[in-house]
Amino acid sequence: MITRLVLENFKRYRGRHEIAFREGLNLIQGHNDAGKSSIFHAISYALFNQTPSLGSATYPLVSVGESRMRVTLEFLSPNTGALFRLIRYRSASKSSSSSGFRLQRYDPSAGWLTILSSETGSKERDLRLKLTEILGIDKRLFFNVIYSEQKEFVRLIRGGTDVRRTLDAVLGLSAISAAKKCINEILRDLRNKLQRLVDLKSRVNELKEFEDKFLKEVKKISDDIVNLEREYKKLMGKLNSLEKDKKFVDSLKALLNRVRDLSINLERLDAKLSHANEEFNYLIKPWGSLSALQSTIMKIKEELKEQENEHLNINNEISNLEEKRATILRKVGYIEDTLSIRVKVSKRAKCPTCGQPIDPNTIRREIERLEFERSKLRKELSDLENQRKLFEKKLKELEKVREEKLSILHKYMQNMESIQRQLRLINRIKDEKTRLMDELSKALSKMKDDLRRYANMYLPQASLKLEDIHDVDNIEPLISEIYERIWRDYSSVKAALESTTAKIRSLLSQRNSLINNINDIRERLKRYEKELQGLERIEQAIEDLKTVEECFTKLESELRGKILRIIASKTYFWYKQLVSDPVYVSVEIDPDTYELKAQPLGFPEPQPVKGFSGGGHETIFALAFRLALAEMTGFGGFLMFDEPTDATDSANRDAIIEALYKASRKFRQILLITHHGIGREVSAHVVHVSFDKGKNSSRIEIIGP
């Protein structure tokens, strides 16, 4: 059931307009071109993104001169009773990216919750599937049963190929036709297979002959491959052996190079040792020996130690003088403070503290005594200062001598370190020379032993000469000659091995090709034989499918007849509800054309409804047919009729309104567009639509109870 519709800049509805619908009959009234049909167009646009008149071109729905429009539709699910809100919007641009939608469900505890939204990537197909799940209807059912457009209102009862196809889909009969079509396709495929199986028999015999021929060729090639593989293993053994010999001779060359490097390094070490000895003699020459230099250094260190002791004693004396000077300075300070007080008192007659008379002579004698003691202490301070200066002068002289000795000691220590460093260098050179000589001896011995073994194998005439070879340069030609012999043998064996490998590879390729052909033949034979085994099953299947096809044809005919009779019966029932005075006694539907026929009073047989005139009976039958279809589909959410009373007379018009008012209880909600003033007597919910020329916009007014 639709509960609320909000239009914003939709067609002639400029600005925002809200319509609240109720359960039961809702009448949408107003003059022509007021904007009544636009309300139904808005509902179809919101649900399926299209309108009957414009199809999927929705950009013209934006009010002229406005940049955007939006339609909000709130409805209850007939299955669950849940409240949903569907919002569609778009700009005036023709681009498809300028439109969008948002589907929401109302939760009493959380408010509106978004289910699908184009802003989060949801597609139109997702929305269609979700709406089918919520409402139980699809686009075909909506535009052919639930929503009856004014100009297309009588289309379904006039029959025809398109009407038959549409109603078959709505009523589910197209599923049987689809099943029959599938059966016909299967029968055609089975007959083709049956003919093909007959042709397979001769093909199977040919394939078996090819299989025998290929098997003989494979056996011959396999024997040749076995012989070549034996030859390959022998050659591979020789090649591995020569590879080892070649690597060993390479190691002899490396060893020879190592011997040469060792000899060169020994010569360099000899030169380096000679230079190191010369440098050592130059460094030690001023002292004669290392022990003499060490003795001189020890003597200078002892002299520095004696000077440090003397320096410490003088510092102690200076510290004592400083302590005495501090003591005398404290005494001088006390005497000067006392003198200052006595001088001030001597100028007064009485003591400012005790008030006793002051004896000037006594004060004067005390002042003289204090001045004498101060003079004596100052002389002592002068004597102490002189002693301190003498000690500091002596300290400077000692420091100068100490710096000279430290400089000499630093120089001698550097000489000592240079001599010791040179001695360590000489020892390292000697150790390195000893190590290299030992390594050279071992390398020469190993090289001669290895060379003797390979010379016996490849150069027997050279084995006797090895005992007399002591020069490395004489060994190198022998190694080169042995290496050349090994390389010639290696190249010859490798060429033979490559030739054998190529032959084996060629034969393997031929054999694999033959085996693949054999496997392919066997696979095809297996498949063909299996197909041949199914020959009888295919023949039986064809007969069975023919029977099924006949059953489907009979079922389709019986089911169509039964459904059409039920719809005709329901149509006649609603017809009697919709008219004030029934003038037809029965209704039937042509099973071939789906044309609706009715039998008038006094006529021997039914007549096509499209030929009726007077009182708007064709329109009444069309409305009755829509109600019958809606009842057959079982949808009880809402129905939308656009001016079905337009062509009826006043008596039938009142009967139609009364019947729809009663029918709204069965279908829960009917939205009916009528002329102004019609139907108010049934206390329906009335929505009045008018056009405001001043605002150039349609407007909504709720008049119903």
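1. Digging into helix H1 (residues 36–48)
Then, in step 1: In this model H1 runs 19 Å from its N-terminal to its C-terminal C-alpha over 13 residues, within 8% of the 18 Å that 1.5 Å per residue would give.
Then, in step 2: The buried count for H1 comes to 12 of 13 residues, which makes it a mostly enclosed element.
Then, in step 3: Along H1, the residues that are buried comprise Lys36, Ser38, Ile39, Phe40, His41, Ala42, Ile43, Ser44, Tyr45, Ala46, Leu47 and Phe48.
Then, in step 4: One or two positions beyond H1, positive phi appears at asparagine 49, with a value near 60 degrees.

2. A word on the sheet that holds strand E8 (residues 147–148)
Then, in step 1: If you trace the six strands from one edge of the open sheet to the other, you get E8-E12-E13-E3-E14-E15, paired in mixed fashion. Pairing within the sheet leaves two strands with one partner each, and these edge strands are E8 and strand E15 (697–702).
Then, in step 2: Both strand E3 (residues 24–29) and strand E13 (residues 669–674) contribute to a ladder of six bridges, which runs parallel. Across the sheet, residue glutamine 29 finds its bridge partner in E13, namely threonine 674.
Then, in step 3: Lying over the sheet, H1 contacts E3, E8, strand E12 (639–642), E13, strand E14 (685–692) and E15, oriented at roughly 140 degrees with respect to E13.
Then, in step 4: Across the face of the sheet, helix H10 (residues 617–633) comes into contact with E8 and E12 while running at roughly 165 degrees to E12.

3. Section: the pattern of salt bridges
Then, in step 1: Following the criterion strictly, the structure yields 41 salt bridges and no others.
Then, in step 2: A salt bridge links aspartate 162 to arginine 165, with the nearest nitrogen and oxygen atoms 3.0 Å apart. Remark: arginine 165 and aspartate 162 occur in helix H4 (residues 161–171); sequence separation between them is three residues, near one turn of the helix.
Then, in step 3: With a closest N to O distance of 3.9 Å, lysine 546 and glutamate 543 form a salt bridge. Placement of the pair is lysine 546 and glutamate 543 together in helix H9 (residues 535–578), with a separation of three residues, close to one helical turn.
Then, in step 4: Among the charged side chains, a salt-bridge network with shared partners connects Arg4, Arg16, Glu18, Glu74 and Arg85.

4. Some thoughts on the packing of aromatic side chains
Then, in step 1: Applying the stated criterion across every chain, the model contains 19 aromatic pairs.
Then, in step 2: Between the aromatic rings of phenylalanine 573 and tryptophan 574, the centroid separation amounts to 5.2 Å while the plane-to-plane angle is 75 degrees, which identifies the pairing as edge-to-face.
Then, in step 3: For phenylalanine 573, a relative accessible area of 39% gives the class partly exposed.
Then, in step 4: A residue is classified by how much of its surface remains accessible, and tryptophan 574, at 5% relative accessible area, is buried.

5. Side note on the nonpolar core
If you look at soluble globular proteins, the nonpolar side chains tend to sit buried side by side.
Then, in step 1: Leu5, Ile39, Leu47 and Phe142 are the most contacted members of the largest nonpolar core, which has 97 residues in total.
Then, in step 2: Considering every element that reaches this core, the biggest residue donor is H10, with 10 residues.
Then, in step 3: Setting aside chain neighbours within four positions, we find leucine 5 in contact with His17, Glu18, Ile19, Phe21, Ile39, Ala42, Ile43, Val71, Thr72 and Leu73.
Then, in step 4: In terms of nonpolar packing, the next biggest core, distinct from the first, is built from 39 residues, Ile284, Leu440, Leu478 and Ile486 among them.

6. Overview of the environment of leucine 173
Then, in step 1: Take leucine 173: it is sitting in the loop between H4 and helix H5 (174–284).
Then, in step 2: Taking the relative accessible area as the measure of exposure, leucine 173 reaches 1% and is therefore buried.
Then, in step 3: In this structure the C-alpha to C-alpha distance between leucine 173 and tryptophan 574, which are 401 residues apart in sequence, comes to 23 Å.
Then, in step 4: Those residues in contact with leucine 173, other than ones at most four positions away along the chain, are Asp168, Leu559, Arg560, Ile563 and Tyr594.

7. Regarding helix H3 (residues 139–146)
Then, in step 1: Most of H3 is tucked away, with six of its eight residues classed as buried.
Then, in step 2: Considered for burial, the residues of H3 that qualify are Leu141, Phe142, Phe143, Asn144, Val145 and Ile146.
Then, in step 3: Looking at the buried residues of H3, the elements they touch are H1, E8, H4, H10 and E12.

8. Brief notes about the pairing of strand E10 (residues 596–600)
Then, in step 1: The buried fraction of E10 amounts to four of the five residues, a majority that puts the element mostly inside the structure.
Then, in step 2: Of the strand pairs in this sheet, strand E9 (residues 584–589) and E10 are connected by five bridges, and their pairing is antiparallel. Bridge assignment links serine 586 to a residue of E10, and that residue is glutamine 599.
Then, in step 3: In this antiparallel pair of consecutive strands, E9 and E10, the connection spans six residues, and tyrosine 594 shows a positive phi of 65 degrees.
Then, in step 4: As paired strands, E10 and strand E11 (residues 607–608) are joined by two bridges and run antiparallel to one another. Its bridge partner being in E11, lysine 597 is matched across the sheet by proline 608.

9. Here's the deal with the environment of glutamate 66
Then, in step 1: Looking at the element boundaries, glutamate 66 is found in the loop between H1 and strand E4 (68–76).
Then, in step 2: With 25 residues separating them in the primary sequence, glutamate 66 and serine 91 have C-alpha atoms 8.5 Å apart.
Then, in step 3: Those residues in contact with glutamate 66, other than ones at most four positions away along the chain, are Asn9, Arg14 and Ala92.

10. A few points about the side chain of asparagine 9
Then, in step 1: Following the sequence through the fold, asparagine 9 ends up in strand E1 (residues 2–10).
Then, in step 2: At 2.8 Å, the side chain of asparagine 9 forms a polar contact with the backbone nitrogen of glycine 15.
Then, in step 3: When residues no more than four places from it in sequence are discounted, the contact partners of asparagine 9 are Arg14, Gly15, Leu61, Val62, Ser63, Glu66, Arg68 and Met69.

Rules used throughout
- Residues numbered from 1 in each chain as written.
- Predicted model: local features only at pLDDT ≥ 70, side-chain atom pairs only at ≥ 80, totals over all residues.
- Heavy atoms only, no water.
- Helix = DSSP H or I, 4+ residues; strand = E, 2+ residues; numbered from the N terminus.
- Expected span 1.5 Å × (residues − 1).
- Buried < 20%, exposed > 50% of the residue type's maximum accessible area, 1.4 Å probe, protein only.
- Pairing = 2+ DSSP bridges.
- Contact = heavy atoms within 4.5 Å.
- Axes fitted to C-alpha atoms, helices over the stretch in contact; angles between N-to-C directions.
- Salt bridge = Lys/Arg side-chain N within 4 Å of Asp/Glu carboxyl O.
- Phe/Tyr/Trp six-rings, centres within 6.5 Å; stacked < 30°, edge-to-face > 60°.
- Core = buried A, V, L, I, M, F, W, Y, C linked by side-chain atoms within 4.5 Å.
- Polar contact = N/O pair within 3.5 Å; in protein donor to acceptor, adjacent residues only side chain to side chain.

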